[in-house]
Structures are given as C-alpha cells and as structure tokens.
Amino acid sequence: MAEKGSSAPRILTQDTVNVTRGNDNEFELPVRVSLDQPSLSVRNVRLILDKFRNLKVIGSLPVVEELRAGESPILTARMRDNRKQGSRTEVRVDAHLSFIGPGGATLETPRQTLIVKIHGKEEHQEIANPFRAYAGGLPVSKREMFFGRRTLIDEFVRELAKPPGGMCYALYGQQRTGKSSVLEQVRLRLTERGAIVASLSMGTIDRRSMTVDFVEEILDQFRVQLDRILPSELSDPLLARWPDATTIERRPLRSLQRAREAGRTVLRRAGFSATPFVVVVDEFTYLHEVLRRRGIEPREHNELRDFMRQLKGILEARLFSALLVGQDTMPRFLESYPNEFSVMATRRLDYLSLEETQALADVPVRTPQNASRYTGYALSTIATYTEGHPFFTQILCDRIIEFVNSRRRSNITQSDVEEAVESLLSGNDCIEPHKFDCLVSADNTHSLLSAINQEHEEDGSRLAMEVLRRIALLSGSQNNPISIEALQLEARQTKALEDLRMRGVIRETDTGVAIRVLLYADYLRRRAS
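Residues numbered from 1 in each chain as written. Predicted model: local features only at pLDDT ≥ 70, side-chain atom pairs only at ≥ 80, totals over all residues. Heavy atoms only, no water.

Overview of the overall build of the protein
Part 1: Of regular secondary structure, the protein possesses 18 helices and 17 strands.
Part 2: The principal-axis extents of the C-alpha atoms in the protein amount to approximately 85 × 60 × 35 Å.
Part 3: Residue burial in the protein is summarised as follows: out of 529 residues, 54% are buried.
Part 4: When contacts within the protein are restricted to residue pairs at least 6 apart in sequence, those whose partners lie at least 24 apart make up 75%.
Part 5: Here the protein displays about 24000 Å² of accessible surface, and carbon together with sulfur accounts for 45% of that area.
Part 6: Both charge centroids of the protein, one from 74 positive and one from 72 negative side chains, sit 3 Å from each other. (Helix = DSSP H or I, 4+ residues; strand = E, 2+ residues; numbered from the N terminus. Buried < 20%, exposed > 50% of the residue type's maximum accessible area, 1.4 Å probe, protein only. Contact = heavy atoms within 4.5 Å. Areas by Shrake-Rupley, 256 points an atom, 1.4 Å probe, with all protein chains shown as cover. Lys, Arg positive; Asp, Glu negative; His and termini not counted. Charge placed at Lys NZ, Arg CZ, Asp CG, Glu CD.)

In structure tokens form, the structure reads like this:
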C-alpha cells in the first residue's frame, strides 16, 4: 500500500459519475487520475474495480503506461449492467489504483467508493446549447446570456446618460474577457433609456482619412436614430441642417457640433428634453498598435496623430459622452497622449466571480421547471478550470452540453465536466492553440507592456510562453503556486513574468505564482509531455 504523501497517483473523481447504458446494457465508466509530486513519474498505473454487484467488467482494465507529474488523464473501464429491469439508477463501485513506483515496487492506493448513476437512452431529452454561438468569441448581445458586471454597467449607463454630456470612460482588460459584451449591454441599456447611441469599432475606420471617417460614421448613426424617433414633419428640418459629406470632410469637428445642435433642437420640438448623445467605441487600442508598427507610412502616421488631436477637441467640447474599449495596452496608450486623454476615467475588467461563473454555466440550460441540471461539484469544477474567464467558460460549457447530449443524458455531474475538459485537452477535437493567445500577449503586436513605446520591442509572446510553460510544469496538476526563485528566470523572462502579473494572467500569493486558468495550465502540461 502506498503511503499518504508519497509519490502515489490518486483518483480525482469524487462526485457522482453519469453513464449511459447502450442497447447491449454496456457502458463506459470514466475515472480521472493524477500524479501531483513534481519531477516524478510512475509506471503501469492500472484502474482496479471491485465490490460491485450485478455489474461486469468487459475486457481488460485500463492502464496508463507512464504517468508523469502534473498529468491527469481519464481511465475508462467498459462494464455491463446485469441487474434486473427497474433497478435503482445509482450503484456503488469501489476503486483503487495499482502502479509501479520510482523504486520499482508494485504498490496500491487506498480504496475509495464511486457512485455511478446509470441512465438508459430512452430517458434523454436533448439540451439546447446556447453556448455554441459565443464559444468562438462573439460578443454577448442577448441579455439572458450575459452574467455579472452589474455594478460596472450600472455606473456606465448612469454617468453616460447624464446631460449635457462630456463624460468619458476607458474600459480595458485582457483580450476575450467580455469587454465588447459589456459595451453591447451598455449600448442596449442606453438605447432603452432614450439615448442616441453611435457604436463603432476603430478596426473598421479608414486610416487614410480617420477623423473624417470617424465623424461621418457617428453622424450617420445619429441621423438614422433621430429619424426613427422623430415625427415625419420634423425629419425635413433636421436634414436641412445636417452637414453633408463635403462639409464633414472640410470641417469634421464643426460638422459634429452643428449636427448635435440640430438634433437637440428638433428633439426639444418633439417633446424630448435632455436627450443624451453617446458614442461607444470598440478596439480603441488598435490605434496604438498601428502607431507602434514598424514601416508605417509617414502620411498614415500623421493622420493618426491628427485624429488624436481632433479627438481631444471633440471630448473637450462635450459634444457627447463616450465609452472607449481596448486591450490591456490602454494605460500605455493614455500615457503616450496625456494631454488628449486628461478627461478620461479608466476602469479595468477582470474575470467573473465564482457566483457569476456558476450562473453563466447553470441558468441558460436549466430545465423547463427551472431546476439546475448540475449536481454535486460540477458547477464548482467549471469555475476551477476557467477561473471565471468568460471566453473559456463559454468554450467549456459548449463542450459539456455537446458531450452530455452525445451520451443522451439530461443531468451534468463532475465526471461529465472532467470528460469535457479531457476532450478539450486531447484527441481530434481538442482546443486550438490560438484560442489561448489572449492570455499570452496583451495585443496583436506581441509586445510586453514594459517594452511598449520603446524603440526596440522584444517578442513578448515568446518570453511569456517560456515563463508560462515553466510555471505550468512546476505547479503540477493541483496548480500549486511556485516560488519565483524556483522558476530560475533570466532578466528578460522576469519582465515577462511581471507582464503576466500586471495583466492578471497569473495569480500571486505569499508562496509564489500560478496560472489562473487551470484549463490552460493543464494544456501546457500536456503539450510539454
């Protein structure tokens, strides 16, 4: 028997295990195992099942030839249910592991009891998968699929809607943390309150005539929304005072002022008083990326700088309130233009809380009776793997629903979550490496935050990957914090570590650092093996 605290593997599965019995009464029992001790490996890790009644193991029990520290594979045993029809769905199965330790001796782990819930195919009703639309990274527009951020959104809506305008926020954070979804929810709520809202992305603005294109896009959206709410007899007076394309190109700032004055005048005549005008802009730090690129033409560079000067005038004129959304490079962008952005209030977006993460996974797939489909530790296991990162929570939940539907089950246990995680980490349908780019670098330039605005910016992604791989390997499957001294980093890698800490990719405790998104840490450990 292996001693507690030794280099023994262990069975991670604790919750009820959902299985589906086929027409031949056979089913697959998945059991996740791991080895936590750093820098060790064991051989011939075999799953042994006993003390079960009227169940039969089919074929050989599963074996892992070598289990390395930090790995947590799933061993799958095939079994047949020989019980009579109408028997209880839950059965108890004792399980333990045998293995060959580092010293060459054959050892066994203590026995533990697994609760197995056996379903028949006839019981299943397919679960609609609302996560599929967002697992690719699209912003969440449906209110019923948006969770958390309530305090932040309430602040934005309240302050941006205050007349006469001029309030400006800069929202930034890691890529894929839901900033565009926050922007969309703010836009929807402001519109519901009667605000005139223009929504645009800097990635779609023509860089060769940026100021003109920016103003023209805002005025087009303002005009369409005004025309929609105004009575027909006031539309013509509005159009008569609205700037044309030639005027906008010649005097963009003055055109914006005239258009807003015309809009407010006709709104007052229509009975709308103190209507707020708001602009929400996504991908704002894209401008900073372009300015930092090598080889940019002087004309384009000058156009961007002219746009920043014009934007300062627009903001100072209080023609509208604004919400500008960008990546983690936003503070460096603001530092580069302190005069232009002096009126900006900044807010940083982090991951969802535990409660928000569990609500995101649970509420959209509840039963018609509004009961949760998750049992035991299933919801907390999702939060453990994603740390509340919205993008990876959507990806994992999408895979969970796909998995339980394929197994014709309606409830979700911890073992279902673990199997969904396993399918993301290995096999033909594993998660693509580029999905994790949002954790590796702050933006598409792959620069470290500390190197931004320097003449020679290093390849921050390469340095960050070196540090992340080292942390993942030393942390083990429990993702324990590793002391910075144990990482043995070079000076350049230390800068990358600080970058990861500043961006919230790693968490720092009194004992060291660890990758926050366990799914990514496990992914790195698998690839290193």
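Moving on from the model shown.
Section: the pairing of strand β3 (residues 26-34)
Part 1: Counting buried positions over the nine residues of β3 gives eight, a clear majority of the element.
Part 2: As defined by bridge partners, strand β1 (residues 10-11) adjoins β3 across two bridges and the pair is classed as antiparallel. The residue of β3 that forms the bridge with I11 is V33.
Part 3: Note: β3 against strand β7 (residues 74-81), seven bridges, orientation antiparallel. Its bridge partner being in β7, F27 is matched across the sheet by M79. (Pairing = 2+ DSSP bridges.)

Some details on the pattern of salt bridges
Part 1: Here the structure, examined in full by the defined rule, presents 35 salt bridges.
Part 2: For E419, the salt bridge goes to R407, with nearest N and O atoms at 4.0 Å. Of this pair, E419 sits in helix α13 (residues 414-425) while R407 sits in the loop between α12 (390-406) and α13; the two residues are twelve residues apart in sequence, bridging distant segments of the chain.
Part 3: For the salt bridge of D416 with R409, the shortest nitrogen-to-oxygen distance reads 2.5 Å. We note that D416, like R409, is buried.
Part 4: Salt bridges sharing common partners tie together R132, D398, R399, E402 and D429. (Salt bridge = Lys/Arg side-chain N within 4 Å of Asp/Glu carboxyl O.)

Describing the sheet that holds strand β11 (residues 168-173)
Part 1: Read across the sheet, five strands follow the order β12-β13-β14-β11-β15 without closing on themselves; strand pairing throughout is parallel. At either margin of the open sheet sits one strand with a lone partner, and together these are β12 (196-201) and β15 (345-349). For this sheet, the mean angle separating the axes of adjacent strands, direction not counted, is 15°.
Part 2: Here strand β13 (residues 277-282) pairs with strand β14 (residues 321-326) via four bridges, running parallel. In the sheet register, V280 faces β14, and the bridge partner there is L323.
Part 3: Along the sheet, helix α3 (residues 210-229) contacts β12 and β13; its crossing angle with β12, the most-contacted strand, is approximately 145°. (Axes fitted to C-alpha atoms, helices over the stretch in contact; angles between N-to-C directions.)

Some details on the layout of surface pockets
Part 1: What the largest pocket holds in volume is close to 460 Å³.
Part 2: Every element with two or more residues in the lining of the largest pocket is listed here: α2 (179-192), β14 and α12.
Part 3: The class makeup of the residues in the lining of the largest pocket is twelve nonpolar, nine polar and five charged. (1 Å grid on protein atoms, 1.4 Å probe; cavity = no way out; pocket = protein on both sides within 12 Å on 5 of 7 lines; lining within 4 Å. Points joined across faces, edges and corners; volume = space filled by probe spheres on them. Nonpolar A, V, L, I, M, F, W, Y, C, P; charged D, E, K, R; others polar.)

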